Amino acid sequence: MKPSIHNTLSRAKDELVQNNDVFGIYCCGPTVYGPAHIGNFRTFLVQDVLRRTLECAGYNVKHVRNITDVDDKTIRESQKLGVSLKDFTARWENKFHEDCAKLNMLAPHVEPRATEHITEQLDMVSALVEKGFAYPAKDGSVYFKISAFNEYGRLAGLDRENMATQATNSAGEVNNADEYERESVSDFALWKGRKPEDGENYWKSPWGEGRPGWHIECSAMSRKYLGDTFDLHGGGIDLCFPHHENEIAQSQCATGKSPYVRYWFHSAHLMVEGQKMSKSLGNLFTLEQLVEKGYSPAQIRYALISGHYRQQLNFTFKGLDDAKSALSKMKKSLESALAKINITADEFKTFVKAGNTFEQTVFEDAWNALIDDINVPKALGKIFSALTNVQTKQDLQAFAGLTYALGIDLFENEQNTEIEIPSEIVELAQQRWNAKKNRNFALADELRAKIKEAGWEVFDKKDGFDIKKI
């Protein structure tokens, strides 16, 4: 039995077949204009589980995930702060990588930045113009002609006969935005002519100074690192249209090769406490904010992957508490099994890798659940049932393989708990806790900074705080 996913393109559950030396995966990465929130990380974590599962199934995965470091948002925010685009995006890219590491996410094999692949994007735009699929405008921009591509709308399930494919939108203007709504289907920008608000963020092109549109970067970079056609493309369902639809159009028209991608892997939206995430509701939580509330990255990861990727996940603090309890229960069951079979925790850690066998172990059903459309909730249920029946070393190796596939680190805080915390740090943390209780938040922030300067981090809980070495 091979892993399968629901393929957005075929609208069916398709078995994932590796036809070449590598199984190429391209995932749309972050736009680095601020800290990634849990909605972003839900998508990235689901992709991480898919990659790990494929590795456990013996696939030779090549994972490419881009960094969008030039678009409307990155330029607007860097200009607002008066800093260079490179310095601005580097800050948020570093923050993203730090959060990924804390969440135990595997780094992609290749992580290209849009600004470092301008030549590849220009080459693709030039090919589209030469073949008649794109046209330059008077302002130096270049637009893709949707009407020239008969398959446009297939991925998102748009009604081709009733779909407007005009060169201008309802306002009589060519669509120059990097992102737009489903209702405003129109020719989209491949290259955007330089405008005053872009500042110094421009490059030379055959059509004048400007910068690439958002959609072209993924087509150009996936082609460079995975070829004209490749296996699987991932992203949140919000990217299905227009971004992924536009990628297909650009790529297939530029290369003449079809399909651009064989499998499309889209994950559903995240809700928070039953509400849509938004700045106005104050529920765009970052990893750092949740850690400050006393939850560990392992608990946050568990909560974000515990629902099926194709179903909307309602992220709640009760869910985080449940994740904490589940991980504690899993670790206690593991410790009992290790004692029964006389295997140390250190030896078990060596089992946590991709090459383990699941067949003819008590975890075979859990593995089969996981590879059947990456059904994490069903797999977790089977894992807990099987943990009480572990009998052999092979069973433990299979369980370790599943923890690798899910990215679950049952020994996350082990090292920190063994470090003695200096009494002066404990005293500062207690003073900070008292200040918070008295609603003296300015003093609390000042004490937190002093603790951090000394090399420690304080994490709030409902009834107190924890202190960990940075």
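Residues numbered from 1 in each chain as written. Predicted model: local features only at pLDDT ≥ 70, side-chain atom pairs only at ≥ 80, totals over all residues. Heavy atoms only, no water.

(A) Geometry of the overall build of the chain. For the chain, the count of helices and strands is 16 helices and 15 strands. Computed over the C-alpha atoms, the radius of gyration of the chain is 24 Å, within 12% of the 23 Å expected from 2.2 N^0.38 for a compact globule of 470 residues. Here the C-alpha coordinates of the chain stretch approximately 70 × 60 × 35 Å along the principal axes. Counting the 470 residues in the chain, one finds 53% classified as buried. For the chain, restricting intrachain contacts to residue pairs at least 6 apart in sequence, the fraction spanning at least 24 positions comes to 74%. Counting 58 positive and 66 negative side-chain charges, the chain places the centres of these two groups 2 Å from one another. (Helix = DSSP H or I, 4+ residues; strand = E, 2+ residues; numbered from the N terminus. Rg over C-alpha atoms; globule rule 2.2 N^0.38 Å. Buried < 20%, exposed > 50% of the residue type's maximum accessible area, 1.4 Å probe, protein only. Contact = heavy atoms within 4.5 Å. Lys, Arg positive; Asp, Glu negative; His and termini not counted. Charge placed at Lys NZ, Arg CZ, Asp CG, Glu CD.)

(B) The arrangement of the nonpolar core in detail. One finds Phe41, Met330, Leu370 and Ile383 to be the most contacted residues of the largest nonpolar core, which totals 82 residues. Residues in contact with Phe41, not counting those within four places in the same chain, are Ala36, Phe96, Asp99, Cys100, Leu103, Met105 and Leu304. Counting 43 residues, the second-largest nonpolar core is a separate cluster that includes Cys28, Leu158, Leu190 and Tyr260. (Core = buried A, V, L, I, M, F, W, Y, C linked by side-chain atoms within 4.5 Å.)

(C) Main features of the environment of Ile67. Topologically, Ile67 is positioned in the loop between strand E4 (61–65) and helix H2 (72–81). Owing to a relative accessible area of 0%, Ile67 belongs among the buried residues under this scheme. Along the sequence, Ile67 and Glu93 sit 26 residues apart, while their C-alpha atoms lie 7.8 Å from each other. Among residues more than four places away in sequence, those in contact with Ile67 are Pro30, Val32, Glu93, His97, Glu111, Pro112, Arg113, Ala114 and Glu217.

(D) Up close: the environment of Ile374. Topologically, Ile374 is positioned in the loop between helix H11 (364–371) and helix H12 (376–387). Here Ile374 falls in the buried class, since its relative accessible area comes to 3%. Spatially, the C-alpha atoms of Ile374 and His6 are 9.2 Å apart, while their sequence positions differ by 368 residues. Ile374 has contacts with Ser4, Ile5, Val49, Leu50, Thr53, Phe265, His308 and Tyr309, leaving out every residue within four places of it along the chain.

(E) Examining the pattern of salt bridges more closely. Per the stated rule, a full pass over the model turns up 29 salt bridges. Linking Glu55 and Arg51 is a salt bridge whose minimum nitrogen-to-oxygen distance equals 3.0 Å. Linking Glu55 with Arg51, this pair stays in helix H1 (residues 38–56), spanning four residues, or about one helical turn. Owing to a relative accessible area of 7%, Arg51 belongs among the buried residues under this scheme. For the salt bridge of Glu347 with Lys393, the shortest nitrogen-to-oxygen distance reads 3.9 Å. Residue Glu347 is located in helix H10 (residues 345–351), and its partner Lys393 is located in helix H13 (residues 393–406); the two are separated by 46 residues in the primary sequence. Taking the relative accessible area as the measure of exposure, Lys393 reaches 35% and is therefore partly exposed. The network of salt bridges with common partners includes Asp72, Lys192, Asp198 and Arg211. (Salt bridge = Lys/Arg side-chain N within 4 Å of Asp/Glu carboxyl O.)

(F) Main features of the confidence of the model for the chain. Chain-level pLDDT for the chain is 91 on average; 92% of the residues reach the 70-or-more range. Contacts for the low-pLDDT stretch residues 166–172, under 50 throughout, to residues beyond four places or in other chains number eleven contacts. Here residues 414–418 scores under 50 on pLDDT; set against residues more than four positions off or in separate chains, the count is three contacts. (pLDDT = per-residue confidence, 0-100.)

(G) Up close: unusual backbone geometry. With an omega dihedral of 5°, the bond running from Phe241 to Pro242 counts as a cis peptide bond. Its location among the elements puts Pro242 in helix H6 (residues 240–255). The linkage connecting Ser258 with the following residue, Pro259, adopts the cis geometry, with an omega of 0°. Examined against the element boundaries, Pro259 turns out to sit in the loop between H6 and strand E10 (261–267). The residue Asn104 is not glycine, and still its phi comes out positive at about 60°.

(H) Inspection of the packing of helix H4 (residues 118–130) against helix H5 (residues 214–226) at higher detail. Interhelical geometry of H4 versus H5 gives an angle of 105° and a closest axis separation of 9 Å. Put simply, H4 runs roughly perpendicular to H5. In this structure, H4 uses Glu120, Gln121, Met124 and Val125 to contact H5, whose residues at the interface are Ile216, Glu217, Ser219, Ala220, Arg223 and Lys224. (Axes fitted to C-alpha atoms, helices over the stretch in contact; angles between N-to-C directions. Parallel < 35°, antiparallel > 145°, perpendicular 65-115°, else oblique.)

(I) Up close: the sheet that holds strand E6 (residues 142–144). On the basis of which strands lie adjacent, the open sheet formed by four strands has the order E5-E6-E7-E8 and antiparallel pairing. Taken across any chain shown, the strands that pair with only one partner, and hence form the sheet edges, are strand E5 (134–136) and strand E8 (210–212). Geometrically, the sheet is characterised by an average inter-axis angle of 20° between neighbouring strands, direction not taken into account. As paired elements, strand E7 (residues 188–193) and E8 share three bridges and run antiparallel to each other. Counterpart to Lys192 in the pairing with E8 is Arg211. Where H4 meets the sheet, it contacts E5, E6, E7 and E8, and its direction lies at approximately 120° from that of E7. (Pairing = 2+ DSSP bridges.)

(J) The side chain of Thr74, seen in detail. One can find Thr74 in helix H2. Classification of Thr74 by relative accessible area gives buried; the value is 0%. Separated by 2.8 Å, the side chain of Thr74 and the backbone nitrogen of Asp71 make a polar contact. The contact partners of Thr74, leaving out residues within four places of it in the chain, are Thr31, Val32, Tyr33, Thr68, Asp69, Leu85, Phe88 and Thr89. (Polar contact = N/O pair within 3.5 Å; in protein donor to acceptor, adjacent residues only side chain to side chain.)

(K) Just the packing of helix H8 (residues 297–305) against helix H9 (residues 317–341), in detail. The N-to-C vectors of H8 and H9 enclose an angle of 110°; their axes lie 8 Å apart at closest approach. Taken together, the axis directions place H8 and H9 in an arrangement best described as roughly perpendicular. The residues of H9 that touch H8, namely those facing Ala298, Gln299, Ile300, Tyr302 and Ala303, are Gly319, Leu320, Ala323, Lys324, Ala326, Leu327 and Met330. Taken together, the residues of the contact of H8 with H9 break down into nine nonpolar, two polar and one charged. (Nonpolar A, V, L, I, M, F, W, Y, C, P; charged D, E, K, R; others polar.)

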